[in-house]
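# Observations on the model geometry
What follows is each chain in one-letter form.
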There are 2 protein chains.
Amino acid sequence: MGSLALDTIETPFGRVDDAVGGASMYAGLAAALLAPVRLVGAVGDDFPQEALAALSERQVDLAGVEIVEDGKSFRWGGRYDFDMNTRDTLFTELGVFADFDPRIPEQWRTTEYVFLANIQPQLQMSVVRQVEPPRFVVADTMNFWIEGDREALVELLGHIDLLMVNDAEARQLSEETNLCAAAAEILQMGPRYVVIKKGEYGASLVSREGPFALPAVPLPDVVDPTGAGDSFAGGVIGMLAWLDDTGDDALRQALAVGTAVASICVQDFGVQALKGLTVAKLYERYESLRAMTTFAPCPLPS
Amino acid sequence: MGSLALDTIETPFGRVDDAVGGASMYAGLAAALLAPVRLVGAVGDDFPQEALAALSERQVDLAGVEIVEDGKSFRWGGRYDFDMNTRDTLFTELGVFADFDPRIPEQWRTTEYVFLANIQPQLQMSVVRQVEPPRFVVADTMNFWIEGDREALVELLGHIDLLMVNDAEARQLSEETNLCAAAAEILQMGPRYVVIKKGEYGASLVSREGPFALPAVPLPDVVDPTGAGDSFAGGVIGMLAWLDDTGDDALRQALAVGTAVASICVQDFGVQALKGLTVAKLYERYESLRAMTTFAPCPLPS
C-alpha cells in the first residue's frame, strides 16, 4: 500500500518529467518479481494506462487501486545534488492522495505479507486493521510523520512487525544519537525488527536475535537514487513471501534481495531498471553482494 | 612508522589530558597482538617512560624511536561533537616531529610488512627507500597532504601496495565524487589496493580482483573515536604479517581484524582498550563481525 505518482526528477545526469513512480510502484515492481502482489493506492485519470498495464502483466493485482475520475495523480518533483546523497523536494502535489482512504478488497483480508509504504500513520493503521492476523507487516515512515504525527506513529509501532527507516529517522524517532541505542529504543516501541537504511552505506537489521549488516553494492553508475528505499522494501517483502518464512535467516536473505534490487533500481531513471529486471539478474546481483561480503573464519586462537 | 603523541581529548563522555597516543602508538599496540613490531618515531624526554615500557612488554621493538633530549613530544588536542562523527582539532604542537627524519635501523632494512602512518609524504617515501624489497607497504594519509603536498603524495603512490584513506580523502585525491570511480582512479595512480574507511559505516577494499566491503561493528558505547583508523591499520598490517600472505583472502581477513580492533579501541579513552586487548577477545569480536555479516546463498533460480 502506498503512493502511485508522476515524478519529475533532476540529477546531474539528466531529467525526466512526469515519469511513473511512487512508493508502491517501485515496491510493487520489485516484489512482483518474487511473489504475487496486491497493490493498494490511488491515481487520477491522468495516470498513464501503459503503466498500470505493465504492473498487471507482472502478477500485480490492481483491484486495490482506485482510479479517481477527474482526479489528479500525486506529483512529486525532486533535484539531486552532484553527489547524489542529498536531494531537494521541488514540489509535492497530493492530488488524489489528499483524500486517500485505503480500502482492502474483501478477498485480500487474509494477505500474509503486508508492506505499508510511507504515508500518514493513520492510513497505515487502517490497513493493518483491515488485514487479519496472522500477517507480517513491514512499515516505512519519514521525518514528516515522526515530527508531525508522532502519537499515531507510535500507536502503529505496536501493531507492526518490522519498521524500516533511514539512520536520521531512527535517531529522530528514538531521540538517541547512537544507532544501536536508537534501534534498541525502537524495538521497545513495538516492532520485533528494525531495518536501518543508510543509503550508499548499506542497511542493517536489528532484533532481539542480534544485528545483521550489509554494505550497499558499490556502483560506478548511480543515475537516479529515486525509489531506492521503496524497491529495497519491495525486495524485502517479496522475498519473505517467496520464502514464506520470517525467521532470522530469511530476513537476512530478504535484506540481501532488497539491497540487490535497490542497487539495480538506481542504475537508471525512475522505474526503467526495475521494469527490465529478471530473477536471473537479481540472482546474479545477490551472489555478487555475497561474494563481496564473505571472509574466512578467524584463524587466530580463541 | 608514525607519531607518538600526548593527546588531550574531549568527548561528550569525558576528557583526558596528555594521554599517550599518536598513530604509531595505536597501530603498534594493535599490530603487536599479532606479530613482532618495529616502531619508528620520535618523542621528547617528557614522554612517559611507562608508555614506552608498555610497548616493550608487548613485542614492540623501540630501536627506531628517537628520544630527543630537551625535546617536547608531539601534542594534539581534539574535541568530538555529540554524535562522535565530527571532531575539531583544538591544537597541534609538532614538538620533536617538526624535525623528524625517520631512520630505519640497519638490521630492520629487510622488514616485510611496513605501515606508514599519516605524516608528510616525503618522510613516508624516505622510509620506503630505506626498506628493501620484497615488502608490502601500507600507507595512510590525510586531506592536509592531498591538498598541500600532492606531488610528493602522488610520487609515494607509485611505491606503495595499499593506500588507506577515508571516503572524503578518496574523493579529494581522485577528484571523483563516486566512490567506485574514486577507488578506480587511485588504483591507476599506483597502489594495487585501496582501503576506504567510512567510520561508523565500515570499510571497503578495492583492487583489480573486485570489491570487498565490511560494515563497522554496531556499538552502543562509543567512548572515544581517537585512534580508530590507526588501530584499524595496525590490525590490518599485523594480520598480514601473522598470515604472511597478501592474497585477496588474507586481505579480507586483515580488514576484518582491523575492523574488530578498531571497534574495541573506541570503547574506551585513548589506548586503554588496546592495552587490555587479548587475542582471545579479538577472535571473539572477529567472529561476531562474521556472524553479523553472513547470509545464505540465493535460493532464487539463476
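Residues numbered from 1 in each chain as written. Chains lettered and ligands numbered in written order. Predicted model: local features only at pLDDT ≥ 70, side-chain atom pairs only at ≥ 80, totals over all residues. Heavy atoms only, no water.

### So, the overall build of chain A
Counting its secondary structure elements, chain A contains 11 helices and 12 strands. Against the globule reference of 19 Å for 302 residues, chain A gives a C-alpha radius of gyration of 18 Å, in line with a compact fold. Taking the principal axes of the C-alpha coordinates as reference, chain A spans close to 70 × 40 × 35 Å. Looking at chain A as a whole, 59% of its 302 residues qualify as buried. Carbon and sulfur atoms make up 48% of the accessible area of chain A, which amounts to about 12100 Å² in all. Separation between the mean location of the 22 positive side-chain charges and that of the 44 negative ones in chain A comes to 3 Å. (Helix = DSSP H or I, 4+ residues; strand = E, 2+ residues; numbered from the N terminus. Rg over C-alpha atoms; globule rule 2.2 N^0.38 Å. Buried < 20%, exposed > 50% of the residue type's maximum accessible area, 1.4 Å probe, protein only. Areas by Shrake-Rupley, 256 points an atom, 1.4 Å probe, with all protein chains shown as cover. Lys, Arg positive; Asp, Glu negative; His and termini not counted. Charge placed at Lys NZ, Arg CZ, Asp CG, Glu CD.)

### Points about the sheet that holds strand β8 (residues 136-140) of chain B
Residues and elements named next belong to chain B. Taken together, the 6 strands give an open sheet; going across it, the order is β7-β8-β9-β10-β11-β12, and neighbouring strands pair in mixed fashion. At either margin of the open sheet sits one strand with a lone partner, and together these are β7 (113-116) and β12 (212-214). Going across the sheet, the axis of each strand differs from the next one's by a mean of 15°, ignoring polarity. Where strand β9 (residues 162-166) meets strand β10 (residues 193-197), 5 bridges bridge the pair, whose relative direction is parallel. Pairing of methionine 164 across the sheet is with valine 195, part of β10. Strands β9 and β10 of the sheet are contacted by helix α6 (residues 167-174), whose axis makes an angle of about 115° with β9. Those strands touched by helix α8 (residues 228-243) are β7, β8, β9, β10 and β11 (203-207), and its axis lies near 170° from that of β7. (Pairing = 2+ DSSP bridges. Axes fitted to C-alpha atoms, helices over the stretch in contact; angles between N-to-C directions. Contact = heavy atoms within 4.5 Å.)

### Quick word on the nonpolar core
Among the nonpolar cores identified, the biggest contains 68 residues, and Met25 and Phe47 of chain A are the most heavily contacted of them. Here this core gets 11 residues from one element, more than from any other, and that element is helix α9 (residues 248-265) of chain A. Setting aside residues up to four positions removed in sequence, methionine 25 of chain A forms contacts with Ser3, Leu4, Val20, Phe47, Ala51, Leu55 and Val271 of chain A. The next biggest cluster of nonpolar side chains, apart from the first, holds 67 residues, and it includes Ala27, Leu52, Ala262 and Ala273 of chain B. (Core = buried A, V, L, I, M, F, W, Y, C linked by side-chain atoms within 4.5 Å.)

### What to know about the sheet that holds strand β7 (residues 113-116) of chain A
Residue and element names in this part refer to chain A. What the 6 strands build is an open sheet, ordered β7-β8-β9-β10-β11-β12; its pairing is mixed. Only two strands of the sheet have a single neighbouring strand rather than two, namely β7 and β12 (212-214). On average, adjacent strands in this sheet sit at an angle of 15° to one another, irrespective of strand direction. Here α9 sits on the sheet and contacts β8 (136-140), β9 (162-166), β10 (193-197), β11 (203-207) and β12; the angle it forms with β12, its principal contact strand, is near 15°.

### Here we look at the interface of chain B and chain A
Listed by partner, the interface residues are 48 residues for chain B and 48 residues for chain A. For the pair chain B and chain A, the summed buried surface comes to about 4200 Å²; carbon and sulfur atoms form 69% of the total. One can count 2 salt bridges joining chain B with chain A. Where chain B touches chain A, the interface holds 18 residue pairs in polar contact (both at pLDDT 80 or more). Every element with two or more residues in the side of chain B that touches chain A is listed here: α6, α7 (179-188), β12, α8, α9 (248-265) and α11 (279-293) of chain B. Top contributing element to the side of chain B that touches chain A by residue count: α11 of chain B, with 11 residues. Here the side of chain B that touches chain A is built from residues that sort into 33 nonpolar, 6 polar and 9 charged. (Buried area = accessible area lost by both parts, 1.4 Å probe. Salt bridge = Lys/Arg side-chain N within 4 Å of Asp/Glu carboxyl O. Polar contact = N/O pair within 3.5 Å; in protein donor to acceptor, adjacent residues only side chain to side chain. Nonpolar A, V, L, I, M, F, W, Y, C, P; charged D, E, K, R; others polar.)

### Re the relation of the copies chain B and chain A
The operation linking the two copies of the chain is a rotation about an axis combined with a translation along the axis. For the pair chain B and chain A, the best superposition has an RMSD of 0.0 Å and corresponds to a rotation of 180° with a translation of 0.0 Å parallel to the axis. Considering both components of the superposition, the chain copies are consistent with a two-fold axis. In this assembly, 100% of the residues forming the interface of chain B have copies in chain A that are likewise at the interface, indicating an isologous arrangement. (Least-squares fit on C-alpha atoms with pLDDT ≥ 70 in both.)

### Let's talk about the environment of methionine 1 of chain B
Tracing the backbone through its elements, the reader meets methionine 1 of chain B in the segment before β1 (5-11). If we ignore the near neighbours within four places in the chain, the residues touching methionine 1 of chain B are Ser24, Val40, Phe100, Pro102, Phe115, Leu116, Ala117, Ile119, Leu123, Gln124 and Val127 of chain B.

### Describing the packing of aromatic side chains
Summed over all chains, the structure comprises 13 aromatic pairs over all chains. Relative to phenylalanine 295 of chain B, the ring of tyrosine 286 of chain A has its centre 5.4 Å away and its plane inclined at 80°; by these criteria the two rings are edge-to-face. You can see tyrosine 286 of chain A sitting in helix α11 (residues 279-293) and its partner phenylalanine 295 of chain B sitting in the segment after α11, one on each of two chains. The exposure classification of tyrosine 286 of chain A matches that of phenylalanine 295 of chain B, with both residues buried. These aromatic residues form a ring-pair network of at least three members: Phe74, Phe97 and Phe100 of chain A. (Phe/Tyr/Trp six-rings, centres within 6.5 Å; stacked < 30°, edge-to-face > 60°.)

### Some words on the side chain of aspartate 161 of chain B
On the secondary structure map, aspartate 161 of chain B appears in the loop between α5 (150-157) and β9. The contacts of aspartate 161 of chain B, once residues within four sequence positions are left out, are Arg135, Phe136, Val137, Pro191, Arg192 and Tyr193 of chain B.

### Observations regarding the pairing of β1 of chain B
Residue and element names in this part refer to chain B. Taken across its 7 residues, β1 has 7 buried, putting it largely inside the fold. Burial of β1 is two-sided: the residues Ala5, Asp7, Ile9 and Thr11 facing one way and the residues Leu6, Thr8 and Glu10 facing the other way are all buried. By the bridge criterion, 6 bridges tie β1 to strand β2 (residues 14-21) in an arrangement that is antiparallel. The residue of β2 that forms the bridge with leucine 6 is valine 20. Counted along the chain from β1 to the antiparallel partner β2, the turn is 2 residues long. Relative to strand β5 (residues 74-80), β1 is paired through 6 bridges, and the arrangement is parallel. Residue pairing in the sheet places glutamate 10 in a bridge with arginine 79 of β5.

### Quick notes on unusual backbone geometry
All names here are of chain A. Cis peptide bonds are those with omega within 30 degrees of zero, and the linkage from proline 133 to proline 134 qualifies with 0°. With respect to the helices and strands, proline 134 occurs in the loop between α3 (121-130) and β8. Of note in this structure, glutamate 175 is not a glycine but carries a positive phi near 60°. Here aspartate 244, not a glycine, exhibits a phi torsion of approximately 50°, which is positive. Along the chain, the position of aspartate 244 falls in the loop between α8 (228-243) and α9. Looking at aspartate 244, the relative accessible area reads 49%, which means it is partly exposed.

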